[in-house]
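Take a look at the letters that make up each chain.
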Amino acid sequence: PEDAKAIELFKQCMAEAADASQLAACRTALGEMSLTGSGVPANLSQATALFEQSAEVGDPDAQFNLGIMYAATHVPGDDLQHREALAVLHLYAASTAGHPGALMAMGYRHLHGYGVPQACATAALNYIDVAKRIASVYSEGMPQAVELIRLNLNQKDRKTISSSEMNLFVQIATSGDTTVAAAIGKRYLLGIEGFKQDYGKAKHYLRLAASRNHAGALALLGYMHCLGLGMAQNLDTAYSYFVSAATQNDPLGHNGLGFIYFTGTSAQARNLRLAFRHFNESAFGGSSDGMFNLASMYLTGTGIEQSFNKAVLFYTQALDRGHTPAAYSLAVMHLNGIGTIRDCDIAVNLLKKVCERGEWVSSKLVDAYDYGERQPDKAALLFLKLAEAGHEVAQMNAAHIFDAGQSSLLFPGGGESALDQAPSDDVRHHSRTLAQRYYELSAEQGSASSELRLGDYAYNGWGVSAAFKDDGTVSEAVLDELTTTEDGLTLPTLYTSSEVELNAQPVDYEAAIARYRKTADMTVTGEWMQGFVARGSFNLGFMYQFGLGVAQDLQTAKQHYQRCREVDPSGLQVPVTLVLLALGAHMTFLRLPPWPVLLERIFSDVRAHMLVLHLAAIAALLVLGRRFVRERTSRARRSTSEGASAGVEGRDR
């Protein structure tokens with residue numbers, strides 16, 4: 001019902017649009033609904049037509065959507081390079097209008113050389129404007145934090161809090177536990193760990209804790225008054241909270257006092273010496289905000305002797321604690337070689353991280369997670385937008401949705417959905433081809449799960465493979481298409497043509513084992529990676545055991561199976577143990593001589609004859625023993641029967 005109402009509103013908007021830009025925005029929104037089948041049947045052609053009409057008048061959202069569609073899809077018969085050029089053209093056009101997603105996408109492409117020249121400086125130019133705006137937002141407030149959820153993890157492995165756990169914590173906080181109340185208030189303030197950002201609830205629980213002089217709660221209330229979060233800004237009230245927290249040596253309280261003394265208020269004169277002192281106390285107490293502010297004073301030489309090296313030191317320490325403005329500042333210093341070596345790659349990767357913490361990314365992640373399995377096409381479109389902008393988790397999630405057959409987005413045949421019916425072979429091939437593209441992009445950024453899944457694709461022969469176009473003509477025709485190179489060599493056009501085509505990927509064990517080996521060799525940097533790295537080792541062991549894509553080597557297989565158990569000790573150990581036992585039996589079997597030789601050795605060995613005699617004697621004893629038991633049982637039954645008959649006769653007499 002909501003989608004149908006939205007459709008009517010957008011149609012009305014198109015009819016009553018005041019200017020071309022408003023009309024284009026309405027067309028773009030209507031195109032997205034046609035693309036995802038929201039309120040209307042999914043229609044790729046209609047969506048494309050609406051996007052093209054809007055793009056012609058300069059609508060950046062339409063240009064960005066067209067860029068995604070040209071990059072992600074392949075129409076049989078179309079030139080791949082031509083479609084890639086159209087994708088870059090539309091993304092570039094959107095980036096010139098300041099579209100944050102398009103700027104990130106062009107920065108990502110220039111960083112890796114995807115469809116454009118690889119140029120780090122150009123990548124930095126695309127990222128830096130977006131990153132600068134995001135860093136300023138973080139400096140002025142507390143934006144909504146978003147938990148990054150990988151959809152291919154089991155529900156039990158996702159670090160999210162359940163509603164029952166949330167209610168339990170709320171009850172504990174309400175009963176008077178100040179530590180829990182402060183923790184809940186902080187989570188509502190930042191919007192983390194399953195608690196949606198809510199300044200009103202944050203203030204309520206922080207005040208519960210602050211009423212009992214909880215230092216952390218006092219400092220956070222000071223932040224809320226200082227920044228005007230959910231209340232009117234009041235630096236004097238903030239100052240009183242910061243003083244109460246700092247007297248208990250709270251790092252956030254010291255940082256707040258440093259800010260008050262650095263800026264000055266109507267009641268407190270500006271004092272850079274005290275500002276530096278409190279920032280220093282905060283930094284050495286472990287506050288990333290304190291580290292950032294201390295680094296900024298060293299960078300500018302405000303209130304202290306200027307020191308670029310110390311600025312880099314404290315910015316780096318703040319970055320290690322996830323501080324977004326510190327990442328931006330370090331990126332600028334690396335770009336210009338201030339206090340550190342000039343390194344464009346480090347700078348661009350830092351700018352990329354900053355951009356991925358902005359509102360454009362976080363809002364789409366929140367919506368995509370909310371849609372989830374209920375509306376997979378809508379979720380897939382949002383993940384595609386983020387994936388094209390270089391967001392690794394979104395790339396993996398988009399690939400997972402298509403790989404699992406949950407969405408048929410961008411399929412030319414219409415809106416066949418996995419929720420309605422089993423997808424056809426064409427839809428599955430289309431979805432797996434899309435999934436493969438985003439698995440590859442994710443794997444290039446170090447995703448263990450994507451690398452492992454690409455190994456599965458090669459093992460099973462799923463997806464596509466790229467090759468230079470070969471028309472398959474006979475040798476006489478090939479001879480008629482000779483091309484002379486600059487060196488004077490004459491080669492068939494097969495070897496000189498740059499035209500690329502996509503074909504169904506054949507089963508390729510060598511490619512699979514290369515992917516599995518890369519996964520198994522990855523360093524585990526997060527708990528979520530353990531299962532995937534362990535599976536990479538397990539798959540390697542399996543392929544070495546049976547000689548798939550590599551020479552059979554049972555010792556190497558055993559090593560990989562054992563590493564699987566070491567990497568993920570909390571995982572399922574029973575299957576690995578059973579496989580190791582089977583491998584031991586396999587190794588024993590392979591050590592046996594050929595059957596004729598084995599039988600000859602057995603028959604010629606006196607011990608074998610003795611063993612056979614012993615077995616025959618044991619079998620005879622078992623047979624005799626069983627017969628003896630049966631005879632005793634039958635005699636006992638006869639005697640019992642005779643005794644019963646005699647008793648009956650006695651009663652009759």
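Criteria and thresholds
- Residues numbered from 1 in each chain as written.
- Predicted model: local features only at pLDDT ≥ 70, side-chain atom pairs only at ≥ 80, totals over all residues.
- Heavy atoms only, no water.
- Helix = DSSP H or I, 4+ residues; strand = E, 2+ residues; numbered from the N terminus.
- Rg over C-alpha atoms; globule rule 2.2 N^0.38 Å.
- Contact = heavy atoms within 4.5 Å.
- Lys, Arg positive; Asp, Glu negative; His and termini not counted.
- Charge placed at Lys NZ, Arg CZ, Asp CG, Glu CD.
- Buried < 20%, exposed > 50% of the residue type's maximum accessible area, 1.4 Å probe, protein only.
- Patch = residues over 30% accessible without salt bridge, like charges linked within 9 Å, V, L, I, M, F, W, Y side chains within 5 Å.
- Areas by Shrake-Rupley, 256 points an atom, 1.4 Å probe, with all protein chains shown as cover.
- Salt bridge = Lys/Arg side-chain N within 4 Å of Asp/Glu carboxyl O.
- Expected span 1.5 Å × (residues − 1).
- Axes fitted to C-alpha atoms, helices over the stretch in contact; angles between N-to-C directions.
- Parallel < 35°, antiparallel > 145°, perpendicular 65-115°, else oblique.
- Left-handed = near helix turned anticlockwise from the far one by under 90°.
- Nonpolar A, V, L, I, M, F, W, Y, C, P; charged D, E, K, R; others polar.
- Phe/Tyr/Trp six-rings, centres within 6.5 Å; stacked < 30°, edge-to-face > 60°.
- Lys NZ or Arg CZ within 6 Å of the ring centre and 35° of its normal.

### With respect to the overall build of the chain
Then comes step 1: Across its full length, the chain carries 31 helices and four strands.
Then comes step 2: Taken over C-alpha atoms, the radius of gyration comes to 35 Å for the chain, far larger than the 26 Å a tight globule of 653 residues would show.
Then comes step 3: The long-range fraction of contacts in the chain, counting pairs at least 24 apart against all pairs at least 6 apart in sequence, stands at 56%.
Then comes step 4: Considering the chain, the positive charge centre built from 55 side chains and the negative charge centre built from 68 side chains are found 13 Å apart.

### What to know about unusual backbone geometry
Then comes step 1: Located in the positive-phi region is Asn 249, a residue other than glycine, with phi close to 60 degrees.
Then comes step 2: Within the secondary structure, Asn 249 sits in the loop between helix 12 (235-246) and helix 13 (251-263).
Then comes step 3: Classification of Asn 249 by relative accessible area gives exposed; the value is 51%.
Then comes step 4: A positive phi angle, near 70 degrees, is found at Leu 410, a position not held by glycine.
Then comes step 5: For Leu 410, the position within the fold is in the loop between helix 21 (392-403) and helix 22 (425-444).
Then comes step 6: Look at Leu 410 and you get buried, because its relative accessible area is 5%.

### Quick word on a nonpolar patch on the surface
Then comes step 1: Judged by side-chain polarity, Phe 589, Leu 590, Leu 592, Trp 595, Leu 599, Ile 602 and Phe 603 come together as a nonpolar surface patch covering roughly 740 Å² of accessible area.
Then comes step 2: No other element matches the four residues that helix 30 (residues 595-604) contributes to the nonpolar patch.
Then comes step 3: For Phe 603, the location among the structural elements is in helix 30.
Then comes step 4: The exposure class assigned to Phe 603 is exposed, which follows from its relative accessible area of 59%.

### Brief notes about the environment of Pro 423
Then comes step 1: With respect to the helices and strands, Pro 423 occurs in the loop between helix 21 and helix 22.
Then comes step 2: When the C-alpha positions of Pro 423 and Ser 45 are compared, they lie 20 Å apart, and in sequence the two are 378 residues distant.

### Comments concerning helix 27 (residues 530-546)
Then comes step 1: In this model, helix 27 (17 residues) spans 25 Å end to end at C-alpha, consistent with the 24 Å of a helix rising 1.5 Å per residue.
Then comes step 2: Tucked inside the fold, the buried residues of helix 27 contact helix 23 (448-460), helix 26 (509-520), helix 28 (554-567) and helix 29 (574-591).
Then comes step 3: Looking one or two residues beyond helix 27, the residue adopting positive phi is Gly 547, at roughly 65 degrees.

### Regarding the packing of helix 6 (residues 100-112) against helix 7 (residues 120-140)
Then comes step 1: With their axes 7 Å apart at the nearest point, helix 6 and helix 7 run at an angle of 155 degrees to one another. By the angle class used here, helix 6 and helix 7 are roughly antiparallel. The handedness of the crossing between helix 6 and helix 7 is left-handed. Contact with helix 6, carried on its side by Pro 100, Leu 103, Met 104, Met 106, Gly 107, Tyr 108, His 110 and Leu 111, involves Thr 122, Ala 123, Asn 126, Tyr 127 and Val 130 of helix 7 and no other residues of that element.
Then comes step 2: Taken together, the residues that form the contact of helix 6 with helix 7 break down as nine nonpolar, four polar and no charged.

### Describing the packing of aromatic side chains
The relation between two aromatic rings is expressed through the spacing of the ring centres and the mutual angle of the planes.
Then comes step 1: Using the criterion set out here, one finds 17 aromatic pairs in the structure.
Then comes step 2: Geometrically, the ring pair formed by Phe 538 and Tyr 561 is tilted, given 5.3 Å between the ring centres and 55 degrees between the ring planes. Taken together, the residues span a long stretch of sequence, with Phe 538 in helix 27 and Tyr 561 in helix 28 at a distance of 23 residues.
Then comes step 3: Phe 538 sits in the partly exposed class, given a relative accessible area of 24%.
Then comes step 4: Residue classification places Tyr 561 among the buried positions, given a relative accessible area of 1%.
Then comes step 5: Feature note: the residues Phe 276, Phe 284, Tyr 298 and Phe 314 constitute an aromatic cluster, connected by ring pairs.
Then comes step 6: Over the ring of Trp 528 we find Arg 150; its NZ or CZ atom is 3.8 Å from the centre of that ring.
Then comes step 7: Positioned over the ring face of Tyr 438 is Arg 437, at 5.0 Å from the centre of the ring.

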